[in-house]
Amino acid sequence: MVKRISFPSMGWSRIAFRALFEKLPGVEVVSPPIVTREIVKIGAKVSPEFVCLPFKVTLGEFINMIENHDVHTFIMSIDCGPCRLGFYAPIQDKILKDLGYDAEVLPIQQDDLLNFKWAKTLLQLSNVTNPIMKYVDVIHSTRIALIKMSYIADITKLEGLIRCREIKLGDTTRTVDLLMNKLDNEWDVYNLHNFDKVVKREFSKIPIKRNIQPLRIIVTGENHIVMEPFINMDVVKKFGEEGVEVHLVNTLYDWILHKLHINLKRKKLEKLAKPYIPLDIGGEAMWVIGHYIEAQSHGFDGFIHLYPFTCMPENTARGILEGQSPDPFYLPVQFYSLDEHTGYEGMRTRLESFIDLMKANRENNPKFMNNYQEPPEIKAIFDDKTQEDGISRFINHIFTPLANNIGIILKNLFSSEESKPNTREN
Amino acid sequence: MNTSNNLPVPYSSKNKILKVGIPRALYFYKYGPLWVFFLQNLKSEVLISAPTTEKIVATGAKLALSELCVPLKIYFGHVQALIDEYPELDYIFIPRYVSTHEKQYYCPKFLILPETIKYGMNVPIPILTLEVNAKKMHSIEGAIQMGKILGFDQEETSQAWVLALQKYKKFKENMNSSNYIMSLAKLDSNPLHEIKKRKFREVIPENIRGKFPLDILILGHSYNVYESHINKHLIERLQTMDCNVRTIEDLNPEKFKKPVKINKIYEQYWQSEDEILKTARYYLTEGKSEIDGVIFLISFACGPDSLIQELVMRDMKTRKIPFLSLILDEHSGESGVITRIESLVDMIRRKKYN
C-alpha cells in the first residue's frame, strides 16, 4: 500500500523535506503548496488563542492538504526542549481528529540528531520487509536531503547579497525560482554534487552594478518565521529592492549541522552570548544575541529580529537586547513581532524609516563610515569568468608559474655576466 | 557592560548581618518558604516585598517588555518596589529554576530570569542566584555555590540547605487551599505588609445559604491562583457563592507519582505544567464525582498554558465536565471576572439541583 504523506513547507525547505521522503519505497510525497492568506486564516480559526504563529500556519497547511489534495498523513518535527515546539504534533493531531478529519500527525524527533530517533519515523514509513535493505533507502534519501539542504542555504544566501546590485528589477527572483525548480527535480547524486557550478553559472548571468557600497543588514530570528517568505512579508526581498544588502543567517542546513553538534559557527556565537543567556532556552534566542554582538565588528549597519507574537525565548532575547541603557554596543535594531493579522503596509513604514536611519548613520556617525567590505561571494561569482577543469587548472596553477620561474632563472644565468659591469658603472 | 557587574560583592561576617530581598512574585508562591528558611539558616535578614498593589503592576508593565506574561511583569514591579522600599539591601535574591527532574524543563522565562532582570532593568543592587538544575547537578551543589558567594563554607551551607528542606516539607504538609495565602504572608515580618481580610458581599440569600453547595476545582500555576490581586480574590469570591474550592495543593501527593504521557506516546517535558496535567488526570478519571466544575486560570501570553489549556479543555469536553478558562492580564477588570464566574456557578447549580 502506498501512503500519501505531506509536511509543512517552511519556505524553500520543502525541497529538502521532499528529498528526505521521496525515495522511500511505499511513500508518495505530495509537496505542499505555497502558503497563502487563506491557509493562515483556516489555521488561526481552529488553533488555541495565543499560541505562536508557526502552529497556526502549519495546522492551516495540514487542513488545506486534507481538503484539496487528499493527504491524510503528515510529518511534524518535535523537540524535547523548553520551547513549545515539542507539543505541536500531539495537539495538532488532537485538533484534527476533533474536527472530524481522518488524519494522523507523525512526529519526527529532532532534539539531538545523533541519537538517530529521527530514523525511526523513516523506517516506519518504508514498506520494505528486509531489515537491512530498509536502512539502505534511509541512508540514500538522507544523503540527498543533506546535499539539497546545503544548496538551498547557498542560494538563499546569494539571493540576499545579489538583489541589491541587480540592474533590472526582478532578475534575482527569477533566477532563484529557476534554480530551486532545477534543484527540486534533480535526483542524480553526481549531478547534485556538481550543482554549485549551475548555481554559479545562473547567477553570473545577472547584470549587476559593481563599485557600489550598499547598506548591510543581518536578518535573523525564529527559524520558521525567517524562512517562510509569506509569513515574514518577504522582508528579504523588500530590503533588497530598496538597495540593502541582506545577510540571511538562518537556514535549515545550519540548523541541522547544529543538531549534529558540528556547527562551529554557532558554538562561537554561544560563547559570545554566554554572559547574557547562559544556557539554551529554545528558539534562536542565544544565537540572536550572539549575532548581535558579532555584527559590531563586521561592519553591519542594522539588525532585524523577526519572531512570532508571544514566542517565549525570542521575547526574553528581545528584552535583554532592548533593556540595556546605555547600550554597550550600539547597532540600530528593529523588531518585527508577527502574527496572522500583520499586514504589509504597516511594516513598510517602519522598514523605510529604518533604512533612512541607517543612511543617516552612514553619513554622520563615524562608527558606520568607511567600513564596508564587499562580500567574497560576489567576487567569486562575477570576477572569475574562466571555467576551470583538470587541464586548465594544471596549466594555470602549475605549468605557467613553473615555466615563468625557469625562464627567469635562465635569463639571470645568461645575462648575469653582461649586466655586472653596467651596475658597477652606475 | 552593565553597571551591576562591577558592584562590590558584600560578604557575611560575625558583626555584619546581610540583608537579602525577595520579590513576592512568580515561584515565591511555591518555593518561597524554602528560600526564606535557607537564607535565615545562613544568618541573613530576609526582607520580602509588599503584597501586589495597583502601583506595582503599573511599574512592572512600564519596565517590562509589553509582550511578556503578566506574572513576569509583576516580578519587574516587585523588584522595583524592593529597591524603593529597602535601598540598604545587600542582595536581591532571584533564583534560576531550570529543572528538578532530569527530563523536564521549566518555562524558558524562568531559565534566564536573573539575566532578564539584570539586563532588562538596571538594578543597582547585586543579584544573588540559586541555580536548581537537575540536568547538571544535585540541588545541594547549587546551594553550595550560593553559600560561597555569601561567605559560608561547604559544610555550613549544606547543613543549612538540608534543614531548610526539612522545614519546608513540614510547612507544606500543613498547607491547603484555605490557609495558603495567610501562611505565606506569615513569612513576612514587616507589619506594614500585613494582608487585611477583605469582606465580600454575600451573594446567596440567607435562607438557602449552605443548602446547595458546589465543588469547584481551580487549575493553574500557584502564582496565578494565590495572587489575589491579579485574579481579583477568586477563591474568596467563590466561597461567598457557596462553593468548596479545591486546588492542586489539596490533592494527595501520592497522585503525582505516575508520569503523564500525551496521546500515549509523547513525553511531557514542562515541569510547571506537570502538576496541572496530573491533577486534571486525577479528576478526569478516579475523582470525577468529587468536582462539579473546573476553572483554569491562565495569564495572557503564557506559552505553556496556551497549549495545555487546549489539551485539558478537549478532555473535559469529552467527559462533560463544565470548564471555564479565565485569561488574566493587567487590564482585566473586577466585574468582568465576577460576571464570568457567577454565570458558571449558576449554570452548574441549575444543572445539578434540578
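Residues numbered from 1 in each chain as written. Chains lettered and ligands numbered in written order. Predicted model: local features only at pLDDT ≥ 70, side-chain atom pairs only at ≥ 80, totals over all residues.

## Some details on the overall build of chain A
Regarding its fold elements, chain A presents 18 helices and eight strands. Taking the principal axes of its C-alpha atoms as reference, chain A extends roughly 105 × 60 × 45 Å. Counting only residues that meet the buried cut, chain A has 39% of its 426 residues in that class. At a minimum sequence separation of 6, the contacts of chain A that also span at least 24 residues come to 74%. (Helix = DSSP H or I, 4+ residues; strand = E, 2+ residues; numbered from the N terminus. Buried ≥ 20, exposed ≤ 12 C-beta atoms within 10 Å, placed from the backbone. Contact = placed C-beta atoms within 7 Å.)

## Structural notes on the overall build of chain B
Scanning chain B from N- to C-terminus turns up 13 helices and twelve strands. What you see for chain B is a C-alpha radius of gyration of 21 Å, in line with the 20 Å of a compact globule of 354 residues. Its C-alpha atoms give chain B principal-axis dimensions of about 70 × 45 × 35 Å. A buried classification covers 43% of the 354 residues belonging to chain B. Look at the contacts in chain B between residues 6 or more apart in sequence, and 74% of them connect residues 24 or more apart. (Rg over C-alpha atoms; globule rule 2.2 N^0.38 Å.)

## Overview of the sheet that holds strand β5 (residues 215–221) of chain A
All names here are of chain A. Read from one edge to the other, the open sheet built from four strands follows the order β6-β5-β7-β8, with strand pairing classed as parallel. The sheet terminates laterally at β6 (244–248) and β8 (333–338), the two strands that pair on one side only. Taken over all neighbouring pairs, the strand axes of this sheet differ in orientation by 25 degrees on average, direction set aside. Examined bridge by bridge, strand β7 (residues 302–308) and β8 share six bridges and lie parallel to one another. Within the sheet, the bridge partner assigned to Ile304 lies in β8 and is Gln334. Against the sheet, helix α16 (residues 344–364) makes contact with β5, β6, β7 and β8, and its axis sits at roughly 135 degrees relative to β5, the strand it touches most. (Pairing = 2+ DSSP bridges. Axes fitted to C-alpha atoms, helices over the stretch in contact; angles between N-to-C directions.)

## Side note on the domain arrangement of chain B
Residues and elements named next belong to chain B. On domain assignment, one finds that chain B holds domain 1 (3–180) and domain 2 (197–352). Each of domain 1 and domain 2 has a C-alpha centre, and these two points are 28 Å apart. Of the residues lining the interface, 28 residues belong to domain 1; the matching set on domain 2 comes to 28 residues. Looking at the side of domain 1 that touches domain 2, the elements that each hand over two or more residues are α1 (28–41), α2 (54–63) and α3 (70–85). Residue contributions to the side of domain 1 that touches domain 2 peak at four residues, all from α3. (Domains from an automatic or database assignment.)

## Brief notes about unusual backbone geometry
Residue and element names in this part refer to chain B. Phi at Lys232 is positive, roughly 55 degrees, even though this residue is not glycine. Position of Lys232 among the secondary structure elements: in the loop between α9 (222–225) and α10 (234–240). The phi torsion at Asp242 lies on the positive side, around 65 degrees, for a residue other than glycine. Checked against the element boundaries, Asp242 lands in the loop between α10 and β8 (243–246). For Asp242, a count of 18 C-beta atoms within 10 Å puts it in the partly exposed group.

## With respect to the packing of helix α11 (residues 271–284) of chain B against helix α12 (residues 303–319) of chain B
All names here are of chain B. Where α11 meets α12, the axes come as close as 11 Å, and the angle between the chain directions of the two elements is 5 degrees. As far as their axial angle goes, α12 and α11 are roughly parallel. Here Ser272, Glu273, Ile276, Leu277, Ala280 and Leu284 of α11 come into contact with α12, specifically with Pro304, Ile308, Val312, Asp315 and Arg319. Each residue belonging to the contact of α11 with α12 can be placed in one class, and the counts come to seven nonpolar, one polar and three charged. (Parallel < 35°, antiparallel > 145°, perpendicular 65-115°, else oblique. Nonpolar A, V, L, I, M, F, W, Y, C, P; charged D, E, K, R; others polar.)

## Observations concerning the interface of chain A and chain B
How big an interface is tends to be reported as the loss of accessible area on association of its parts. Contacts between the two partners involve 35 residues from chain A and, on the opposite side, 31 residues from chain B. Secondary structure elements with two or more residues in the side of chain A that touches chain B: α4 (88–98) and α15 (312–323) of chain A. By residue number, the principal contributor to the side of chain A that touches chain B is α15(A), which donates nine residues. Considered class by class, the residues forming the side of chain A that touches chain B number 18 nonpolar, ten polar and seven charged.

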